[in-house]
Amino acid sequence: MSTEIVNTDIKIKLLDLFQENLSVIKNDSPDYINKIREKAIELFSKLGFPDKKNENYKYTDVKKEFDNGYKTYLSPKNIKFEIKDIFSCDVPDLNTKVILLLNGWFYDRENLLQELPGGAIIGSLQKAMEVYPELVERHFAKYADMEKEGLVALNTAFVKDGIFLYVPKGVVIEKPIQVINVLMDEEEGFTSHRNLYILEENSQASVVVCDHTLSAVNFLTNSVAEFFVGQNAHFDYSRIQNEHNGSKQISHLFFHQEKDSKVTNNTISLHGGVIRNNISVLLNGEGCENNTYGLYLTDKGQHIDNYIFIDHAKPNCISNQLFKGVLDDFATGAFNGKILVRKDAQKTQAYQANNNILLTDDADIKTRPQLEIYADDVKCSHGATVGQLDENAMFYMRARGIPKKEAKLLLMYAFAHEVIQKIKVPALKDRINDLVEKRLRGELSRCNSCQMHCCNT
Amino acid sequence: MLSIKNLHANIEGKEILKGINLEVKEGEVHAIMGPNGSGKSTLASVLAGRDMFTVTEGKVTYMGHNLFELSPEERASEGIFLGFQYPIEIPGVSMVNFMKTALNEQRKHKGLEPLSSSDFLKHMREKKELVELDTNLTNRSVNEGFSGGEKKRNEIFQMAMLEPKLAILDETDSGLDIDALRIVANGVNKLKSPHNASIVITHYQRLLDYIIPDYVHVLYDGKIIRSGGKELAFELEEKGYDWLKKGITV
Amino acid sequence: MQLRKVMEKDQDKILHEVTQSEYKYGFVTDIESESIAKGLNEDVVRLISQKKNEPEFMLEFRLKAFRYWQKMKMPEWAHLQIPEINYQDIIYYSAPKQKASGPKSLDEIDPELKATFDKLGISLDEQKHLSGIAVDAVMDSISVKTTFKESLADLGIIFCSFSEAVQEHPDLIKKYMGSVVPYTDNYFAALNSAVFSDGSFCYIPKGVRCPMELSTYFRINAANTGQFERTLIVAEDDAYVSYLEGCTAPRRDENQLHAAIVEIIANNNAFVKYSTVQNWYPGDKNGLGGIYNFVTKRGKCAGENSKISWTQVETGSAVTWKYPSCILLGNNSVGEFYSVAVTNNHQQADTGTKMIHIGKNTKSTIVSKGISAGFSNNSYRGLVKVTKNATNSRNYSQCDSLLLGDKCGAHTFPYIEVDNKDSIVEHEATTSKIGEDQIFYCNQRGIKTEDAIGLIVNGYAKEVLNKLPMEFAVEAQKLLQISLEGSVG
């Protein structure tokens, strides 16, 4: 795979930025982090940005997104606002612990690490590096593969802050944790937060992440999240992407699952200018279950690209992927899902489906469901479809007096429903149901307001 | 109420209806019979506004409207109901949501306020009993996973909900066992009034044991080749269609 | 292509043969050849053209292609591991020595050559030949004999070697050569365009239904040579032809390169059916030797309602890199791809198709059945592209993989790109192994495990085998069994 960089301007700029600010960057990080940093910048210098020759980035030119003179901050910028002025969750039954990240920095600078029932910790990764060095060192940069991906190396080189969650052995956190990623600034900004989630054996947690933009300028995010899910641990991770169309978001999620663990991951993409989601899952023990689901509803000139890689490294694991998308106007989309079944991963069950609806001739979708299989006793299947709403169903509804427009909405909603119903937290499911319906009706504005209705403004 | 004059229709250039004439008045029940492929279902689809068929000639007036100027949903709101021969499965759309939308659209068309949720549910409960429809079915997606009989009963249930002026039942009896047939026919009979009318399309005479038609028409090769009273159905049962086919070649 | 033999044989005999042989076409014919020196440069390209006494436009075409090729790099995107190929270590032209040049009567053909093709089941004697099939027999760089040429000519059908077509029908060659696969298309297409030596040409005039199957049989014989042939099929309006292709090579320890081009043009309402049974030497059990098979096959449905159907049974070659494709340009045109690819031992295959929907109401069907055994890797790679104006187009793809053993790999890499809202594209794929209960059921009925696998694999591939002309289908079935020999153990 070629990673030759032709146009190196922005790469050089970033490398210079790193060298020039070395002391600031390294200043408040422990040595073990700075060592990784050194390696990361070297790798970034070698790998650079993935270009379109890279099969995995065939349909999204990420480098282009960096060429915009974004500002990046090496320490938290002081933007003051009252959390309750902006956020007060009105989802009646969604009783969550709310955590806020502002431009990639943990917002509550007074309480950088907070203890949850049972001894779990949630808070700032930067602070955790200092307070729990052993824990962080054991997991940090162990799952996010920098060797293959320049953007992960870039994030690692500049790593500063992000979410840290630690759930010790046997602890079950009942209440979902809600992480709100807010981008807000007067200037166009580049954010690269880093998140680390550690779930030790037999623990359970559920996290909801909402990505929002609260000011009208352009933003670029290149974030990395690592998840260690220990033996028999259960983890639910739902993400609602709802940024404005001037935002570009590249995210890399790395799930490392141990024996008998179970992860369900929903990615609901409602809005965003350019979205590239990389989701890598390593099933590193027998008896794992992984469910990776996604729904994308795009219109105008939006672009969404989901890249999923499920690595069945051990026998007897199950993985399910379901991604569905509706593309309107001149929106473009790509889906690239890969299942790898390694040599000895017998009795693997791996399923993958990607279904798309194109509403106009200007919208387009590229889909690449892939299987790479080296074990014989497996059940694997994949399917991909691109089509329109079912004509027969349309007529049936119209023959019952439902106007065309309404029938179309009902069908689109029904199409999306299959993904929504996979969401585990019932209150969240209802909320997302509602959001999706609004989104399809065009009532969900691309404005600054937080559409989780956590927001009163 | 409905007047069909010299109706011709084709699908992808192949002519299926070759000059149909039919008058339906309030309070009447018409049965249309005929062998497979004679154009029965096409006639039903054309009346409901299916756009895969092209009308090339003729005129259909319904309640003073030129029917072809109305969209399928407008026809439905004006009281035309088509009971589908093969009801469509719509995964993900719940029966409740589907019917509520349909009913309220009809009310909107008539200038009425939408029904409140509780009124709607009450209305639905009543109609369900009428066709002996299992409550569970209305909690599921439209027709999804329904058995053949359940789908047909669901059609009659929807008809009861929407209270049409003109019901066109396309082979509603096909695939039904005798009990289901009785229930479906019973539903149709209960909904009969001096102000509405039905066109019952069937292949067999047996449905007409339960739904007594005022007129029976025989459709063959895109034309009505014989019309008569209910006794025509018995004659057909006895002699088969060949008897009539021979008739037209003479 | 064992046509004649197959017809005579009963099922038992086939089975007997199956259990005996590994690769039965691995013999070498001892015949005097005229070869040029190893290596590739402009002079070699000129020499080939000169040997073939080609008109100027051909040489120009070759030189342009060669210069382009020099600037290119070998593609690396396929799921294949190929040791570096030394293009200077290959002989680019080798021809069995012949008494006279040009078309020959049967008597003039070297008896050794005749015997070779007889041994392969291809009779060059029209009298002895199975009726209904005309053959162009190609050994190494040249066409040895084309049968039934005269009787086809009565119908206006041109069926001859490519070299002959260059001499006799230069206008047709000029018009169509490179019109579907330009020399700039890919690395191997450029290489082929520079050095191709022979191949078949087939032209079906307007309104003619070709009454017999046309076929080309390719044989590599000489050592250290590469085979670069080129086939061009043109079907005018309302024409029909069914075309068969077969190939074998001797067993040798070194790898040999085969890089071919097939171009098909189907005009209004024309239908071209192209079937291949590819059985190049696959290398031995340890992966030593075998053919590197890099083939660019593409058809253009240029006219309205035209149809091109590819059927391939791929059992041979150490490495296969091949994507028979259809460009669906005419409205209502239809493209089909039916494939069975078997890999055993250390074989590698990366094969599939491309369906490019450009015209309105175009339809394509893809059915691919991969079977991997031993230490082999078998990949399906296919592109379905629906362009903006291809309204109401439809594609259905079904790509199944069957794994026999836990040391092999089966992979599926579809690319689906849709830019039109009124089109429907569906792709389905499954990967499975032969059920133990199925084998047990056969065992219980007295069928040996190896035979049971043969039965089940043939059943699995049936959908594709059924698309082959009958004689071919029998041959292909047998091949499947031979290829999988020793895969259970």
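Our structure's up above, just so we're on the same page.
Residues numbered from 1 in each chain as written. Chains lettered and ligands numbered in written order. Predicted model: local features only at pLDDT ≥ 70, side-chain atom pairs only at ≥ 80, totals over all residues. Heavy atoms only, no water.

Trainee: An account of the nonpolar core is needed here, citing residue identities and associated values.
Mentor: Val436 of chain A together with Leu166 and Ile199 of chain B are the most contacted members of the largest nonpolar core, which has 104 residues in total. Beyond its immediate chain neighbours, meaning those up to four positions away, Val436 of chain A contacts Leu270, Leu295, Leu297, Tyr413, Ala416 and Ile420 of chain A. With 97 residues, the next largest nonpolar core counts Val229 and Phe255 of chain A together with Phe148 and Met212 of chain C among its residues. (Core = buried A, V, L, I, M, F, W, Y, C linked by side-chain atoms within 4.5 Å. Buried < 20%, exposed > 50% of the residue type's maximum accessible area, 1.4 Å probe, protein only. Contact = heavy atoms within 4.5 Å.)

Trainee: Tell me about the sheet that holds strand S1 (residues 2-11) of chain B, and please be specific about residues and values.
Mentor: All names here are of chain B. Strand order in the open sheet formed by 4 strands is S2-S1-S4-S5, with antiparallel pairing between adjacent strands. One side of each edge strand has no neighbouring strand; the edge strands of this open sheet are strand S2 (14-24) and strand S5 (65-66). Two strands pair when backbone bridges link them, and S1 and S2 are joined in this way by 8 bridges, in the antiparallel orientation. Opposite His8, over in S2, you have Lys18 as the bridge partner. (Pairing = 2+ DSSP bridges. Helix = DSSP H or I, 4+ residues; strand = E, 2+ residues; numbered from the N terminus.)

Trainee: Requested: an account of helix H6 (residues 148-162) of chain B, with residues and values cited.
Mentor: Residue and element names in this part refer to chain B. The first and last C-alpha atoms of H6 sit 21 Å apart over 15 residues, in line with the 21 Å expected at 1.5 Å per residue. Of all 15 residues in H6, 12 are buried; the element is thus mostly enclosed. Turning to H6, its buried residues are Gly149, Lys151, Lys152, Asn154, Glu155, Ile156, Phe157, Gln158, Met159, Ala160, Met161 and Leu162. (Expected span 1.5 Å × (residues − 1).)

Trainee: Explain the packing of aromatic side chains residue by residue, including any values.
Mentor: Residues and elements named next belong to chain C. Taken as a whole and judged by the stated rule, the model has 38 aromatic pairs over all chains. Look at Tyr243 and Tyr274: their rings are 5.3 Å apart centre to centre, the planes differ by 15 degrees, and that puts the pair in the stacked class. With Tyr243 in strand S9 (residues 240-248) and Tyr274 in strand S11 (residues 271-278), this pair connects stretches of sequence that are 31 residues apart. Look at Tyr243 and you get buried, because its relative accessible area is 0%. (Phe/Tyr/Trp six-rings, centres within 6.5 Å; stacked < 30°, edge-to-face > 60°.)

Trainee: Could you give an account of the interface of chain A and chain C, with specific residues and numbers?
Mentor: Counting from both sides, the interface comprises 36 residues of chain A and, opposite them, 34 residues of chain C. One can count 2 salt bridges joining chain A with chain C. Two residues, Lys433 of chain C and Asp377 of chain A, come together in a salt bridge whose shortest N-O distance is 4.0 Å. Per-element tally for the side of chain A that touches chain C: the top contributor is strand S21 (residues 364-373) of chain A, with 10 residues. In terms of residue class, the side of chain A that touches chain C is made up of 14 nonpolar, 10 polar and 12 charged. For strand S22 (residues 379-387) of chain A and strand S22 (residues 424-433) of chain C, the ladder comprises 7 bridges, and the chain directions are antiparallel. Looking at the pairing, Val386 of chain A lines up with Val425 of chain C of S22 of chain C. (Salt bridge = Lys/Arg side-chain N within 4 Å of Asp/Glu carboxyl O. Nonpolar A, V, L, I, M, F, W, Y, C, P; charged D, E, K, R; others polar.)

Trainee: Report on unusual backbone geometry, specifying residues and quantitative values.
Mentor: Even without being glycine, Asp329 of chain A reaches a positive phi, approximately 50 degrees. When you line up the elements, Asp329 of chain A lands in the loop between strand S18 (318-327) and strand S19 (332-341). Although it is not a glycine, Asn269 of chain C sits at a positive phi angle of roughly 60 degrees. Along the chain, Asn269 of chain C falls in the loop between strand S10 (255-266) and S11. For Asn269 of chain C, a relative accessible area of 39% corresponds to the partly exposed category.

Trainee: Describe the pattern of salt bridges, naming the residues involved and giving the relevant values.
Mentor: Applying the stated criterion to the full structure yields 50 salt bridges over all chains. Taking the shortest distance from any N to any O, the salt bridge between Lys40 of chain B and Glu171 of chain B comes out at 3.5 Å. Taken together, the residues Lys40 of chain B in helix H1 (residues 40-48) and Glu171 of chain B in the loop between strand S9 (166-170) and helix H7 (178-191) connect sequence positions 131 residues apart. When sorted by exposure, Lys40 of chain B lands in the same class as Glu171 of chain B, which is buried. Between Glu163 of chain B and Lys127 of chain B there is a salt bridge whose closest N-O contact spans 3.2 Å. Placement of Glu163 of chain B in the loop between H6 and S9 and of Lys127 of chain B in helix H4 (residues 117-130) is noted, with a sequence separation of 36 residues between them. Residue classification places Lys127 of chain B among the buried positions, given a relative accessible area of 13%. Connected via shared salt-bridge partners are Glu55, Lys58 and Arg368 of chain A.

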